[in-house]
Amino acid sequence: MRHVFLAAAAVFSMSSIGQSAFAADAPYIDDRSTADAVIRSLYSAINRHEFARAWGYFGDTKPAKDFNAFVKGYEGTDTVEVKTGAVSDEGAAGSIYYSVPVAIQATDKKGEAKVFAGCYTVRQVNAQVQEPPFQPIFIDKGALKPSTEDFDSAVPASCGDGPPPPKKDEALEQAKKAFLATYGGQCDKQDPGGKPIGEPDVHSIHYKDKDAQPSDPERETRLFRFFCSMAAYNETAVYYIADDVKGVAQLQFTEPDLDIRYENNNSEGKVESIHIVGFKTTGWATNSDYDENTKTITTSDKWRGVGDTSSSGTYLFRNGDFSLVQYDVDASYDGEINPQTIIDYNTAP
């Protein structure tokens, strides 16, 4: 493919894009395995205020006249987000040059967000012909300009003769938007594995309605699990489901409203009775997991750290939605794990 070199001077347009006021919360990404990973690593370093690391992703052509000027260029900004598109490449004289379509959204300290878009050139020198010191894959040039597009659609389709962009997963994008709009300010910035907020686990559920004919095609429901927060002994998540009829919607979990009585009204004593006095719904799933084999979501809420008191639910997928089919409660603070089942419809029709 014909490789398009970008004017090095244009990279200075990025000097206003950068710092995160929450540097300690930004995920640490230092990945030079691919061209787009280098770009994500650059903005990880910027968000964490690790400017020497950010400077190090560039080759001989630097993004500013010197390091101090580079750092100063990020004084006015608070956070920066980055998206990358379909990468193209071309080999030339012992190197591979990659063109990376990029869009970034920079938010200043006043809360004003601006979108920039363009392309980076990333170069990988043939490792077999190098001599010390080794030069890893690096940013050669870049050019971003202000964009009037929404951030989600601002990534260029390609750079030069790059491949067409992959088809956008509309349901996934809608679910991510809905989650971030509702819970983005409440949830942790990343999950325990380092995955950033708003990147869900995705499952596809194929099934036939109960009234479907043998010749009818299978339907598909998508399930998106978003990690939210990790406390001392409980982890919360939020789920969205999507299909071709109802679109994208947050999954609500039915729970029984319980009247728990203890002997002598002493909650530390023996449980006298547990009665269901109604039902309620919640958008939170605690210590949850989805099992693809049984098509069930299970939840387990520890009432205290030792886990001797808890409630847990099993939600079975059927006919396009999840239903509560089993609910167990251990209401005794006795140091033992001995739940009792108070709802049991755990049989698929």
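Everything that follows concerns the structure shown earlier in this document.
Computed from a predicted structure; not experimentally measured.

Caption draft 1: The pattern of salt bridges, seen in detail. The tally for this structure, following the rule as stated, stands at 15 salt bridges. Close ionic contact of K83 with D152 constitutes a salt bridge, the shortest N to O distance being 3.8 Å. One end of the pair, K83, is in strand β1 (residues 77–84); the other, D152, is in the loop between β5 (138–146) and α4 (170–183), with 69 residues separating them in the sequence. Using a relative accessible area of 24% as the deciding quantity, one classes K83 as partly exposed. Note on D152: relative accessible area 24%, which makes it partly exposed. Its salt-bridge partner being D201, residue K195 comes within 2.8 Å of it at the nearest N-O pair. The exposure class assigned to K195 is partly exposed, which follows from its relative accessible area of 28%. Salt bridges linked by common partners bring R48, E50 and R53 together as one network.

Caption draft 2: The sheet that holds strand β14 (residues 296–302), seen in detail. The five strands lie next to each other as β13-β14-β15-β16-β17, forming an open sheet whose pairing is antiparallel. Looking at strand neighbours, the two that pair on one side only are β13 (289–291) and β17 (340–344), the edges of this open sheet. Sheet twist, expressed as the mean angle between neighbouring strand axes with direction ignored, is 20°. The pairing of β13 with β14 spans three bridges and is antiparallel. Bridge pairing in β14 places Y290 opposite I297.

Caption draft 3: Layout of the packing of aromatic side chains. This model, assessed by the stated rule, comprises 15 aromatic pairs. Ring geometry for F67 against F70: centres 6.5 Å apart, planes inclined by 35°, an arrangement best described as tilted. Placement of the pair is F67 and F70 together in helix α3 (residues 67–72), with a separation of three residues, close to one helical turn. Of the residues examined, F70 reaches a relative accessible area of 4% and is grouped as buried. Seen from their ring centres, F179 and F226 are 4.4 Å apart, and the 10° between their planes marks the pair as stacked. Residue F179 is located in helix α4, and its partner F226 is located in strand β7 (residues 219–230); the two are separated by 47 residues in the primary sequence.

Caption draft 4: Main features of the nonpolar core. Counting residues in each nonpolar core, the largest one holds 26 residues, and the members touching the most others are I39, L42, Y43, Y120, V122 and I139. Put simply, the parts of the chain that give this core at least two residues each are α1 (35–47), α2 (51–56), β3 (95–108), β4 (113–125) and β5. Considering every element that reaches this core, the biggest residue donor is α1, with seven residues.

Caption draft 5: How the structure looks around α1. Given a rise of 1.5 Å per residue, 13 residues ought to cover 18 Å, and the 19 Å separating the end C-alpha atoms of α1 matches this to within 8%. Most of α1 sits out of view: 12 of its 13 residues are buried. Among all positions of α1, only A35, D36, A37, V38, I39, S41, L42, Y43, S44, A45, I46 and N47 are buried. Looking at the buried side of α1, the elements it contacts are α2, β1, β3, β4 and β5.

Cut-offs and rules
Residues numbered from 1 in each chain as written. Predicted model: local features only at pLDDT ≥ 70, side-chain atom pairs only at ≥ 80, totals over all residues. Heavy atoms only, no water. Salt bridge = Lys/Arg side-chain N within 4 Å of Asp/Glu carboxyl O. Helix = DSSP H or I, 4+ residues; strand = E, 2+ residues; numbered from the N terminus. Buried < 20%, exposed > 50% of the residue type's maximum accessible area, 1.4 Å probe, protein only. Pairing = 2+ DSSP bridges. Axes fitted to C-alpha atoms, helices over the stretch in contact; angles between N-to-C directions. Phe/Tyr/Trp six-rings, centres within 6.5 Å; stacked < 30°, edge-to-face > 60°. Core = buried A, V, L, I, M, F, W, Y, C linked by side-chain atoms within 4.5 Å. Expected span 1.5 Å × (residues − 1). Contact = heavy atoms within 4.5 Å.

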